[in-house]
Amino acid sequence: MIDFTAVIPTLYAVWGDCTTEDLSEWVLFQVANTAVIFTVSEYTFEQLAYPVTVCAIALVVNITRAISYRRHMRRQVAQDLPVARTVV
């Protein structure tokens, strides 16, 4: 629960602005924590609890960043489009 609580400010910041966190760091963090799951000697709850938790946190941050980036790009494209003028 502490790890999930600690990531809330990061999620809030990434939701508001996708550039607040570095993409490459979080992707590498995701890859590394996914690899750790496959290196566990026994697949028990005790062995997998922390690696799965950290992997889930990185996944949530990456998904939130992707959604925020998509919203940012949509806003930027909408601003770049010419405004249609109506002829009266």
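The structure reproduced in this document is the subject of the present report. All of these numbers come straight from a predicted model, not from anything done at the bench.

With that settled, consider the packing of helix 3 (residues 23-38) against helix 4 (residues 45-80). Where helix 3 meets helix 4, the closest approach of the two axes is 9 Å, and the angle between their N-to-C directions is 150°. The orientation of helix 3 relative to helix 4 falls into the category roughly antiparallel. Once helix 3 is placed against helix 4, the crossing between them reads as left-handed. Judged by residue contacts, L23, W26, V27, F29, Q30, N33, T34, V36 and I37 of helix 3 engage L48, P51, V52, V54, C55, A58, L59, V61, N62 and R65 from helix 4. Considered class by class, the residues forming the contact of helix 3 with helix 4 number 14 nonpolar, 4 polar and 1 charged.

All right, on to the nonpolar core then. Grouped together as the largest cluster of nonpolar side chains are 5 residues: V7, W26, I57, A58 and V61. Of the residues forming this core, the biggest block, 3 residues, is contributed by helix 4. What V7 contacts, discounting residues up to four positions off in sequence, is I57 and V61.

As a further point, take the packing of aromatic side chains. Any pair of aromatic rings gets described here by the distance separating the centres and the angle formed by the planes. All told, the structure shown has 1 aromatic pair when counted by the stated rule. With 5.4 Å between their ring centres and 85° between their planes, W26 and F29 make a pair best called edge-to-face. One end of the pair, W26, and the other, F29, are both in helix 3, 3 residues apart, so they sit about a helical turn from each other. The aromatic ring of W15 is capped on one face by R71, whose charged end is 4.3 Å from the ring centroid.

Here we come to the packing of helix 2 (residues 8-16) against helix 4. When two helices pack together, you describe them by how their axes are tilted relative to each other and by the distance separating the axes. At a closest axis distance of 8 Å, the pairing of helix 2 and helix 4 adopts a crossing angle of 20°. Taken as axis vectors, helix 2 and helix 4 run roughly parallel relative to one another. Read as a crossing pair, helix 2 and helix 4 show a hand that is right-handed. Mapping the contact onto sequence places L11, V14 and W15 in helix 2 and V60, V61, T64, R65, I67, S68 and R71 in helix 4.

What follows covers a nonpolar patch on the surface. On the surface, W15, L59, I63 and I67 cluster together into a nonpolar patch covering about 360 Å² of accessible area. Top contributing element to the nonpolar patch by residue count: helix 4, with 3 residues. Looking at the element boundaries, I63 is found in helix 4.

Relative to the assigned elements, S68 resides in helix 4. Looking at S68, its side chain comes within polar contact range of the main-chain oxygen of W15, at 3.4 Å.

Criteria and thresholds
- Residues numbered from 1 in each chain as written.
- Predicted model: local features only at pLDDT ≥ 70, side-chain atom pairs only at ≥ 80, totals over all residues.
- Heavy atoms only, no water.
- Axes fitted to C-alpha atoms, helices over the stretch in contact; angles between N-to-C directions.
- Helix = DSSP H or I, 4+ residues; strand = E, 2+ residues; numbered from the N terminus.
- Parallel < 35°, antiparallel > 145°, perpendicular 65-115°, else oblique.
- Left-handed = near helix turned anticlockwise from the far one by under 90°.
- Contact = heavy atoms within 4.5 Å.
- Nonpolar A, V, L, I, M, F, W, Y, C, P; charged D, E, K, R; others polar.
- Core = buried A, V, L, I, M, F, W, Y, C linked by side-chain atoms within 4.5 Å.
- Buried < 20%, exposed > 50% of the residue type's maximum accessible area, 1.4 Å probe, protein only.
- Phe/Tyr/Trp six-rings, centres within 6.5 Å; stacked < 30°, edge-to-face > 60°.
- Lys NZ or Arg CZ within 6 Å of the ring centre and 35° of its normal.
- Patch = residues over 30% accessible without salt bridge, like charges linked within 9 Å, V, L, I, M, F, W, Y side chains within 5 Å.
- Areas by Shrake-Rupley, 256 points an atom, 1.4 Å probe, with all protein chains shown as cover.
- Salt bridge = Lys/Arg side-chain N within 4 Å of Asp/Glu carboxyl O.
- Polar contact = N/O pair within 3.5 Å; in protein donor to acceptor, adjacent residues only side chain to side chain.

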